[in-house]
Structure formats: C-alpha cells, structure tokens
Amino acid sequence: MTQEFDDIRDSVRRLCADFPGPYWQAKDRDRTYPAEFVRALTEAGFLSVLIPESYGGSGLGLAAAIAILEEIHHSGCNGGACHAQMYVMGTLLKHGSQAQKQAYLPKVASGELRLQAFGVTEPTSGTDTTRIRTFARRDGDAYVVSGQKIWISRAEYSDLMVLLVRTTAREDCAKPSEGMSVLLVDMREAVGNGLTIRPIRTMLNHATTELFFDDLRVPVANLIGEEGKGFRYILDGMNAERILIASECIGDGRFFIDRASAYASERGVFGRAIGENQGVQFPIARAHVQLSAASLMVDKAAAMFDAGIACGTEANMAKMLASEASWYAADMCVQTHGGFGFAEEYDIERKFRETRLYQVAPISTNLILSHVATHALKLPKSF
C-alpha cells in the first residue's frame, strides 16, 4: 500500500469519526438520506477521486476508490448513499462526447451536480439485461422514453441518471446485446414531465426506488456514444461497481471482526473472558482468514481494471468472495455478542442488515457462479 493511500485512509477515518453510530441509527430508524455525510465526502473530494484532474477531480485509479469505501465501511458508516457516483460517471468519462464531459464532469467533481443513479434493472428482466423493455423512440431532436425500472437507488437524490434503454427491439437485432443505448437523463427536468419516482421501503435504509417513464423526452444530445452500442458501454461500469462494492464488504468485515474481537476480550462470563474459549475465538479467526483472502482478490481485480485488462471474471469473483466473507463475519459478530448483537445501540444489527444486501446486489451469487462456469471454465451455458 502506498503512503498516498495511507493518507487517504487516515483522512476518511477522521471524517467518519464525525458521523458516529447514533447518526446512522437515526437515519436508519427514520429511513432518511444521510445528506450531511454525503456533503462532507463531496467537500473533501472523495467522491471525485476517479474524475480526471482536467475536469476537477483527483485523477486516481480504482485502488484509491477502494481505500475510501473500505474505510467508510470499516468505520461503521455506509457508502451506499453515494458510491454510485464513483462508477456511474465512468460511462460518461469513457464513452461520452467531449462536450458532454466538459458540461457535466466538472460540476459532478465540485458537487454542484450529483450523478448517483444507474437505471438498468427492470421488474421483468432482473439481471438478464438483454431483455429490458424500456424503449426510447426517436422523435426529431429527442428520444421519447417509455417503460419501467426497479431497484434504482438514490434516484430521489441524484441530479443525473445514466439510463439504459432499447432503441431497437431485441427480436430485430442480430445479437441480444445489440440495440441498447445509453441516455444521460437530467432528473431535475424529468420528474413530473414523464418520469415518476416511487420509493420502495426495504429492510435497510438504501433509498431505492421504482421508476415509471411515460413519454419522457430526452434530448438526442444526451445520447452517450453511438446508438445501439449501450450494453458494451455499461460493462465497464458494472465491473467497477462489483469491485467497489466488494471493497465495501471488506470494510464491513473488518468492522465486524474488530467489534467481535474487542467484545470477546472484554466480556466476562463464568469468571473468564469469552474470547478465551476456542468456540468463540475460532469463528473470529476464521472470519479474519476469509476476509484477508477476499481482500487480495479485490486488489487483483482493481489492479487489472486500472491497467485496462479485461477483468469481468475477477470482478465477479472479488464481489462473491468479499460478500460471503463479510456475511460470515456479520453472523459471527452477532453470535459473539449474543443478545447485545440485536440491540440498536451496538450498530451490529444495522450493519448485519446492510452487508446482507450484497449477497443479492448488484448481482446475485448464482449469476456470478454461472459467469465463472461459462467464461473461466468454458462449461456450456445453462440459459
């Protein structure tokens, strides 16, 4: 680890110290957005770390973003309210026009605009992205968008959204992955003018929503890249998303291991610290072993991504290993704390719920296994 990343981690830890457990408990209890936390991260420049310096960002790689998100979660905070800004902007940066990048990236870097919504998933397609139905019909100098998206997080708190639509019906394409396009939607103009946002209350405070498009007009100038090639454009964003969320899982795991180790050393039952019992200490040690191995996989995937090497399989493996390691650590931590693990004031139950999400999102473990089976092991596809 470079000294630069050590400094980044220290800075993130100091920032997170201003947002202790009671802050997150209140947000979780009321299901409210942590606007103050997001504002602090923005002002510190952490959310613009991947934006090139020429557009007002730090111009660092995914490894730096990993350091930031891991420390946020290690500190007991949650990056889910804003982490998308790191990977969503990659579609614009890599495939947008110079005019688009100049118009939006400096404002995203400064915090004037938020780019935190990624409109891909639909109720009927799930993770089978090629079967999305939201359609954009060309009408003069605009696309007219109709359809529906679901599990679109932060839509209520984002000024811009990267939206994947079909511009050619699937049955009219030579390949299922063709005929999809990416539009940059200005949420400030869209809401109430063809876009309706419906919040979905879930078991954790993740600000996720369902979106309804009813003849929403999006300027053709907001098309990112070429029409019909959108699926390829979002793949990089998906890989970055999986690697960054894997880093959050590593941070969660470290949180659970630290809390369990401290509690097991301090908690006395039957005249001795419970951590003296192998039945308590071995699960903590196993969690540490699993998390350490997963962390190396995350680092490898990030290094490949930053080097421009195809890393779809590695990104998926990193996400799977990290999410499973953090989930094991979460369960272990609750078990170590016993009844206190269910008490709100300890923050264990909140983090337990938060880290469980990543067994499912942004891609389920079964889909990862299918990817590895067919891409790495060359087994026949099952669908």
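Structural notes, computed from the coordinates.

Rules of the game
Residues numbered from 1 in each chain as written. Predicted model: local features only at pLDDT ≥ 70, side-chain atom pairs only at ≥ 80, totals over all residues. Heavy atoms only, no water. Core = buried A, V, L, I, M, F, W, Y, C linked by side-chain atoms within 4.5 Å. Buried < 20%, exposed > 50% of the residue type's maximum accessible area, 1.4 Å probe, protein only. Helix = DSSP H or I, 4+ residues; strand = E, 2+ residues; numbered from the N terminus. Contact = heavy atoms within 4.5 Å. 1 Å grid on protein atoms, 1.4 Å probe; cavity = no way out; pocket = protein on both sides within 12 Å on 5 of 7 lines; lining within 4 Å. Points joined across faces, edges and corners; volume = space filled by probe spheres on them. Nonpolar A, V, L, I, M, F, W, Y, C, P; charged D, E, K, R; others polar. Phe/Tyr/Trp six-rings, centres within 6.5 Å; stacked < 30°, edge-to-face > 60°. Lys NZ or Arg CZ within 6 Å of the ring centre and 35° of its normal.

Some details on the nonpolar core
Inference 1: One finds F37, I72, M86 and I243 to be the most contacted residues of the largest nonpolar core, which totals 92 residues.
Inference 2: Among the elements that line this core, the one with the most residues is helix α8 (residues 230-266), at 17 residues.
Inference 3: Each residue touching I243, except ones within four places of it in the same chain, is listed here: L62, I66, V298, A301, A302, F305, C311 and A315.
Inference 4: Counting residues in each nonpolar core, the second largest holds 19 residues, with L163, V165, V185 and M187 among its members.

Focus: unusual backbone geometry
Inference 1: Cis geometry is adopted by the peptide bond preceding P362, which originates at A361 and carries an omega value of 0 degrees.
Inference 2: Residue position: P362 is located in the loop between α11 (348-356) and α12 (365-376).
Inference 3: Even without being a glycine, R31 presents a positive backbone phi close to 55 degrees.
Inference 4: The topology assignment puts R31 in the loop between α2 (21-30) and α3 (35-43).
Inference 5: Notably, W151 is not glycine yet its phi reads approximately 60 degrees, a positive angle.
Inference 6: Checked against the element boundaries, W151 lands in strand β3 (residues 142-153).

Considering empty space enclosed by the protein
Inference 1: Tallying each qualifying case throughout the model produces 1 cavity of 30 Å³ or more.
Inference 2: Estimates place the volume of the largest cavity at around 150 Å³.
Inference 3: Residue lining of the largest cavity: 14 residues in total, with W24, P34, A81, N205 and H206 positioned closest to the centre.
Inference 4: With 3 residues, the single largest contributor to the lining of the largest cavity is α2.
Inference 5: For the lining of the largest cavity, the per-class residue count stands at 5 nonpolar, 5 polar and 4 charged.

So, the layout of surface pockets
Inference 1: Computed from the structure, the largest pocket encloses a volume of approximately 1,600 Å³.
Inference 2: Forming the boundary of the largest pocket are 48 residues, of which T127, T129, R242, P362 and I363 lie nearest the centre.
Inference 3: Looking at side-chain class alone, the lining of the largest pocket contains 20 nonpolar, 19 polar and 9 charged residues.

A short note on the environment of G57
Inference 1: By secondary structure assignment, the location of G57 is in the loop between α3 and α4 (62-74).
Inference 2: Accessibility expressed as a relative area gives 15% for G57, which makes it buried.
Inference 3: The sequence separation of G57 and Y23 amounts to 34 residues, and the corresponding C-alpha distance is 28 Å.
Inference 4: Apart from residues no more than four positions distant in its own chain, G57 is found in contact with S48, I51, P52 and A109.

Digging into the environment of D214
Inference 1: Looking at where D214 falls in the secondary structure, it is placed in strand β7 (residues 208-219).
Inference 2: Here D214 falls in the exposed class, since its relative accessible area comes to 56%.
Inference 3: As for D214 and S153, which are separated by 61 residues in sequence, their C-alpha atoms are 20 Å apart.

Here's the deal with the packing of aromatic side chains
Inference 1: Applying the stated criterion to the full structure yields 10 aromatic pairs.
Inference 2: With a centroid separation of 4.0 Å and 5 degrees between ring planes, the pair formed by Y33 and Y157 is classed as stacked. Here Y33 is found in the loop between α2 and α3, whereas its partner Y157 is found in the loop between β3 and β4 (160-166), with 124 residues between them in sequence.
Inference 3: Taking relative accessible area as the criterion, Y33 reaches 8% and is therefore assigned buried.
Inference 4: Taking 6.3 Å as the distance between ring centres and 70 degrees as the angle between the ring planes, the aromatic pair formed by Y87 and F118 counts as edge-to-face. Pair noted here: Y87 is in helix α5 (residues 84-95) and F118 is in strand β1 (residues 115-119), with a separation of 31 residues, a long-range link.
Inference 5: A relative accessible area of 3% means that Y87 is categorised as buried.
Inference 6: An aromatic cluster of three or more residues is present, and its members are F19, Y23, W24 and F37.
Inference 7: K351 extends its terminal NZ or CZ atom over the ring of F255, reaching a point 5.4 Å from the ring centre.
Inference 8: Across from the ring centre of W327, 5.3 Å away, lies the NZ or CZ of R356, which sits over that ring.

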